[in-house]
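If you want the building blocks of each chain, they are given just below.
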Amino acid sequence: RDVAAAHLLALESKISDGQRYLCSSENLRLAEMVKIIGDEFNQYGYSIKARKMPKCLFSLVALFNQDARDLKGEVGKHMKMSNDKIRSELGLNFRSAEEAMLSLGYDVIARGFTKKDKTKGEALRRRTTLAKLMTEPL
């Protein structure tokens with residue numbers, strides 16, 4: 001939803017002509033993202049875990065896998081990015097990364113892209129209905 005709002009604001013603003021904007025609310029590491037999603041969805045029986053892979057093992061995988069090879073130079077680094085430009089020029093206020101990720105998670109469940117937990121189905125259905133309301137177009 002934030003990206004859609006950013007596109008609309010950019011279309012309506014003369015200052016955005018020819019400009020590029022970073023459209024991200026926060027800088028999170030992958031492990032932090034997995035923790036946010038896991039804390040919410042593990043209670044419903046979804047298995048969401050993050051495991052660290054030793055760098056030497058990752059390097060070995062990179063010998064045989066192009067995706068791993070492309071990421072090899074980024075392992076262990078944390079990118080710092082700023083969304084100050086889009087906030088100040090277009091006035092965009094982002095949802096928190098946690099809210100956006102949880103909304104995505106509920107949407108994935110609602111669309112049936114993952115298996116539903118049969119033991120806690122009613123609680124999951126209530127949360128899925130809430131997710132549908134949260135993800136409807138503006």
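Located above this text is the structure these notes cover.
Conventions adopted
Residue numbers restart at each chain and count upward from 1, following the sequence in its written direction. Whole-chain, interface and lining totals are the exception, using all residues; otherwise, since this is a predicted model, local features are given only for residues with pLDDT of at least 70 and side-chain atom pairs are given and counted only at 80 or more. Hydrogens and water are ignored here; the side-chain numbers use all heavy atoms of the structure. Segments assigned H or I by DSSP are reported as helices when at least four residues long, segments assigned E as strands when at least two residues long, and all are numbered from the N terminus. Relative accessibility decides the category of a residue: with a 1.4 Å probe and only protein chains considered, values under 20% of the type maximum give buried, values over 50% give exposed, and everything between is partly exposed. The contact rule is simple, with two residues in contact once any of their heavy atoms fall within 4.5 Å. To measure how exposed things are, a 1.4 Å probe is used in the Shrake-Rupley method; for residues, cover is taken only from the protein chains shown. Axis definition: a line fitted to C-alpha atoms, limited for helices to the stretch in contact. Angles are taken between N-to-C directions and run from 0 to 180 degrees. When describing relative orientation, an angle under 35 degrees is termed roughly parallel and one over 145 degrees roughly antiparallel, while 65 to 115 degrees is termed roughly perpendicular and anything else oblique. Whether a crossing is left-handed or right-handed is set by the direction in which the near helix is turned from the far one by less than a right angle, anticlockwise for left-handed and clockwise for right-handed. Here a pair means two rings of Phe, Tyr or Trp (six-membered ring of Trp) with centres within 6.5 Å. Their orientation is stacked below 30 degrees between planes, edge-to-face above 60, and tilted elsewhere. Each ring is checked for a lysine NZ or an arginine CZ that lies within 6 Å of its centre and within 35 degrees of its normal; such an atom marks a charge sitting over the ring. Take the number of residues in a helix, subtract one, and multiply by 1.5 Å to get its expected span. For this quantity, the arc is that covered by the directions from the helix axis to the C-beta atoms. We call two N or O atoms a polar contact when they sit within 3.5 Å, provided that within protein one can donate a hydrogen and the other can accept it, with sequence-adjacent residues counted only if both atoms are side-chain atoms.

## A closer look at the overall build of the protein chain
Thinking step 1. From N to C terminus, the protein chain includes seven helices and zero strands.
Thinking step 2. Seen in sequence order, the protein chain has helices and strands lined up from the N terminus as α-α-α-α-α-α-α.
Thinking step 3. For the protein chain, the residues scored as buried account for 25% of the 138 residues in total.
Thinking step 4. Considering only residue pairs separated by 6 or more positions, the protein chain has 69% of its internal contacts joining residues 24 or more positions apart.
Thinking step 5. Carbon and sulfur atoms make up 56% of the accessible area of the protein chain, which amounts to about 10300 Å² in all.

## What to know about the packing of helix α2 (residues 30-41) against helix α6 (residues 97-110)
Thinking step 1. Running from amino to carboxyl end, α2 crosses α6 at an angle of 55 degrees, the nearest separation of the two axes being 10 Å. The angle between α2 and α6 places the two elements in the oblique class. Crossing angle aside, the handedness with which α2 passes α6 is right-handed. On the side of α2, the interface is formed by Met33, Ile36, Ile37, Glu40 and Phe41, while α6 contributes Glu98, Met101, Leu102, Gly105, Tyr106 and Ile109.

## Considerations on the packing of aromatic side chains
Thinking step 1. By the definition in use, this model includes one aromatic pair.
Thinking step 2. Above the face of the tyrosine 21 ring, lysine 85 is positioned so that its terminal group lies 5.1 Å from the ring centre.

## Quick word on α6
Thinking step 1. In this model, α6 (14 residues) spans 20 Å end to end at C-alpha, consistent with the 20 Å of a helix rising 1.5 Å per residue.
Thinking step 2. Those residues of α6 that fall on the buried side of the exposure criterion are Ala97, Met101, Leu102, Ser103, Gly105, Tyr106, Asp107 and Ile109.

## Points about helix α1 (residues 2-12)
Thinking step 1. Where α1 is concerned, the buried positions are Asp2, Ala5 and Ala6. Seen along its axis, α1 keeps its buried residues to an arc of 100 degrees; they face one direction. In α1, those exposed residues whose orientation departs by more than 90 degrees from the buried face are His7 and Leu11.
Thinking step 2. If you follow the buried residues of α1, they end up packed against α5 (84-90).

## A closer look at the side chain of aspartate 2
Thinking step 1. Take aspartate 2: it is sitting in helix α1.
Thinking step 2. At a separation of 3.2 Å, a polar atom in the side chain of aspartate 2 contacts the main-chain amide nitrogen of arginine 95.
Thinking step 3. If we ignore the near neighbours within four places in the chain, the residues touching aspartate 2 are Cys23, Leu92, Asn93, Phe94 and Arg95.

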